[in-house]
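A closer look at the structure
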Amino acid sequence: MYYKNTEDAYIVSISKGAGEIEISAAEYKDILAIIRSAPAAPDGYIYLLRADTLDWELAENPPEPEPPADEDIDEAEAYNIIFGGAE
């Protein structure tokens, strides 16, 4: 069995064996060929594959959020976290 997985109006993945929307082997092969020939997007953008037309749509790629800063904690606070005393 073949599947396409969508989010909003776009195909986010295709899969074999398990997935969201069952499709034929022929549709799976067609989508796979389109994915393999995806155009290169300019910096700051990505291409999204529309589920209804199988056309690529250029979209702005939001920046990745900054990872949280590491906070050093003292030994007492670590003990409280480990043993359930911290909030």
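Residues numbered from 1 in each chain as written. Predicted model: local features only at pLDDT ≥ 70, side-chain atom pairs only at ≥ 80, totals over all residues. Heavy atoms only, no water.

1. Focus: the pairing of strand β5 (residues 56-60)
The condition is simple: Two strands qualify as a pair provided DSSP detects at least 2 bridges between them. Secondary structure elements are defined from DSSP: runs of H or I of at least 4 residues count as helices, runs of E of at least 2 residues count as strands, and each element is numbered from the N terminus.
Pairing of strand β4 (residues 45-50) with β5 involves five bridges; the strand directions are antiparallel. By the bridge assignment, I46 is partnered in β5 with A59.

2. Things to note about the sheet that holds strand β3 (residues 21-23)
As a reminder, the rule being used: Angles run from 0 to 180 degrees between N-to-C directions of axes, and those axes are lines fitted to C-alpha atoms, restricted for helices to the stretch in contact. We call two residues in contact when some of their heavy atoms are within 4.5 Å.
Read from one edge to the other, the open sheet built from five strands follows the order β3-β1-β2-β4-β5, with strand pairing classed as antiparallel. At either margin of the open sheet sits one strand with a lone partner, and together these are β3 and β5. The sheet shows a mean angle of 45° between the axes of neighbouring strands, taken without regard to direction. Here helix α1 (residues 25-36) sits on the sheet in contact with β1 (2-7), β2 (10-16), β3, β4 and β5, set at roughly 120° to β2.

3. Focus on the pairing of β2
Judged from the six bridges that link them, β1 and β2 form a sheet pairing that is antiparallel. Looking at β2, one finds that T6 is bridged to I11. Linking β1 back to β2 in an antiparallel pair, the connection comprises two residues, with D8 at a positive phi of about 60°. Taken together, the two bridges between β2 and β4 define a ladder with antiparallel strand orientation. Residue pairing across strands places I11 opposite L49, the latter belonging to β4.

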